[in-house]
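# Understanding the architecture of this molecule
Here's the letter readout for the chains.
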Amino acid sequence: MKQQVYIFKCENSTITVNGKINSISCDSCKKVGIIFDDLVSTVEFVNCQRMQAQANGKVPTVSVDKTDGCHVYLSQSATDAEIVCAKSSEVNILVPDENGEYREFALPEQFKSTWNGKGYTTQPTESV
């Protein structure tokens, strides 16, 4: 599978990708929604603002890097996806419950690292 979609500097759009492909990458996009079926690898957001993605099928990895505002709707078959975030804010993952309603989970933006005698332990901080 060698097909991939690369979206660059797209604004105020909704993009639908039908069928199974390798990956989707969004770079420097604003207010873009992506709806896709199955991915072999990754859906990736880099340097984006106010993004939305909807997985109708399987997606192994969601990568969010230097992005402000990202909502990812996972299908029931994609709930085991790995979510990797770096330098991003307002990242929310929405997962369907047994009734088909989506439950929203905000990913932590701040972390606290403490020395445990052998190395550092890092945990998300609580909102204050």
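Residues numbered from 1 in each chain as written. Predicted model: local features only at pLDDT ≥ 70, side-chain atom pairs only at ≥ 80, totals over all residues. Heavy atoms only, no water.

Right, let's talk about the packing of aromatic side chains for a bit. Inspection of the entire model under this criterion finds three aromatic pairs. Where Tyr6 meets Phe8, the ring centres are 6.2 Å apart and the plane angle is 10°; that geometry is what we call stacked. The exposure class assigned to Tyr6 is exposed, which follows from its relative accessible area of 53%. With a centroid separation of 5.2 Å and an interplanar angle of 70°, the aromatic rings of Trp115 and Tyr120 are classed as edge-to-face. (Phe/Tyr/Trp six-rings, centres within 6.5 Å; stacked < 30°, edge-to-face > 60°. Buried < 20%, exposed > 50% of the residue type's maximum accessible area, 1.4 Å probe, protein only.)

Looking now at the pairing of strand β3 (residues 23–27). Most of β3 is tucked away: five of the five residues are buried. Of the two faces of β3, the one carrying Ser23, Ser25 and Asp27 and the one carrying Ile24 and Cys26 are both buried. Note: β3 against strand β5 (residues 42–46), four bridges, orientation parallel. Note that in β5 the partner of Asp27 across the bridge is Val46. (Helix = DSSP H or I, 4+ residues; strand = E, 2+ residues; numbered from the N terminus. Pairing = 2+ DSSP bridges.)

Before going further, it helps to spend a moment on the sheet that holds strand β10 (residues 89–96). In spatial order, the strands read β2-β4-β6-β8-β10-β11; together these six strands make up an open sheet with mixed pairing. Of all the strands in the sheet, just β2 (11–21) and β11 (102–106) have a single pairing partner and so form its edges. With direction set aside, neighbouring strand axes in the sheet form an average angle of 15°. For strand β6 (residues 49–55) and strand β8 (residues 68–73), the ladder comprises five bridges, and the chain directions are parallel. Opposite Gln52, over in β8, you have His71 as the bridge partner. (Axes fitted to C-alpha atoms, helices over the stretch in contact; angles between N-to-C directions.)

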